[in-house]
Amino acid sequence: ADGTPFLNLLDLRGLSVGQSADGEERFFIVGIQADVSENGSEDLPLDHKSQMQHIANLVRDELTSGLQQAAIITATTDTGALCEIRPYEEPKWILGEVFETAA
């Protein structure tokens, strides 16, 4: 919060947990980040990236069930009315493109 630049590793994915009665997908966007400034501006070593990915997978596994339940409990329509959510038997992680940016 002091304005010092840092390097950030960000894993951003969607978690699709079910559908509303009208077929609308219900999902969350989940971001997991890590400060990797101590590694400098060079590419992260493969073993470090693998370790960070493993940690992100563990975090996602812990979040999945709770987020699915939250979507079912709090589902509303655009008008604010409650709507029924049909949960998937297994929530699905939505993968996007992988890219690197320099700040």
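Reading guide: rules and limits
Residues numbered from 1 in each chain as written. Predicted model: local features only at pLDDT ≥ 70, side-chain atom pairs only at ≥ 80, totals over all residues. Heavy atoms only, no water. Phe/Tyr/Trp six-rings, centres within 6.5 Å; stacked < 30°, edge-to-face > 60°. Lys NZ or Arg CZ within 6 Å of the ring centre and 35° of its normal. Pairing = 2+ DSSP bridges. Helix = DSSP H or I, 4+ residues; strand = E, 2+ residues; numbered from the N terminus. Axes fitted to C-alpha atoms, helices over the stretch in contact; angles between N-to-C directions. Core = buried A, V, L, I, M, F, W, Y, C linked by side-chain atoms within 4.5 Å. Buried < 20%, exposed > 50% of the residue type's maximum accessible area, 1.4 Å probe, protein only. Contact = heavy atoms within 4.5 Å. Patch = residues over 30% accessible without salt bridge, like charges linked within 9 Å, V, L, I, M, F, W, Y side chains within 5 Å. Areas by Shrake-Rupley, 256 points an atom, 1.4 Å probe, with all protein chains shown as cover. Salt bridge = Lys/Arg side-chain N within 4 Å of Asp/Glu carboxyl O.

(A) The packing of aromatic side chains, seen in detail. Under the counting rule described, the total for this entry stands at 0 aromatic pairs. Lying over the aromatic face of tryptophan 93, arginine 60 brings its terminal NZ or CZ to 5.6 Å of the ring centre. When the ring centre of tyrosine 88 is taken as origin, the NZ or CZ atom of lysine 92, which lies over that ring, is 4.1 Å away.

(B) Spotlight on the sheet that holds strand S1 (residues 8-20). Spatially, 3 strands are ordered S2-S1-S3 in an open sheet, and the strand pairing comes out antiparallel. Unpaired on one side and paired on the other, strand S2 (25-35) and strand S3 (85-94) mark the two borders of the sheet. Put simply, the sheet's adjacent strands are angled 20° from each other on average, direction ignored. Pairing between S1 and S3: 6 bridges, direction antiparallel. Looking at the pairing, glycine 14 lines up with isoleucine 94 of S3.

(C) How the structure looks around the nonpolar core. Judged by nonpolar contacts, Leu15, Val17, Val30, Ile32, Ala56, Leu67 and Ala71 together constitute the single largest core of 7 residues. Broken down by secondary-structure element, the contributors of at least two residues to this core are S1, S2 and helix H1 (46-74). Residue contributions to this core peak at 3 residues, all from H1. Sequence-distant contacts of isoleucine 32, that is, excluding residues within four places in its chain, are made with Leu9, Leu10, Asp11, Ala56, Val59 and Arg60.

(D) Just a nonpolar patch on the surface, in detail. A cluster of nonpolar residues, Leu10, Leu12, Phe27, Ile29 and Ile94, forms a patch on the protein surface that exposes about 510 Å² of accessible area. You can see phenylalanine 27 is positioned in strand S2.

(E) Quick peek at the pattern of salt bridges. Evaluated as defined, the whole model comprises 2 salt bridges. We note a salt bridge from arginine 13 to aspartate 11, for which the minimum N-O separation is 3.2 Å. Both residues of the pair, arginine 13 and aspartate 11, count as buried. In this structure, the salt-bridge partner of aspartate 11 is arginine 60, at a minimum N-O distance of 2.7 Å. Taken as a pair, aspartate 11 in strand S1 and arginine 60 in helix H1 lie far apart in primary sequence, 49 residues in all.

(F) Layout of the environment of arginine 26. Checked against the element boundaries, arginine 26 lands in strand S2. Exposure remark for arginine 26: the relative accessible area of 18% places this residue in the buried category. Between the alpha carbons of arginine 26 and proline 87 there is a distance of 8.9 Å; along the sequence they are 61 residues apart.

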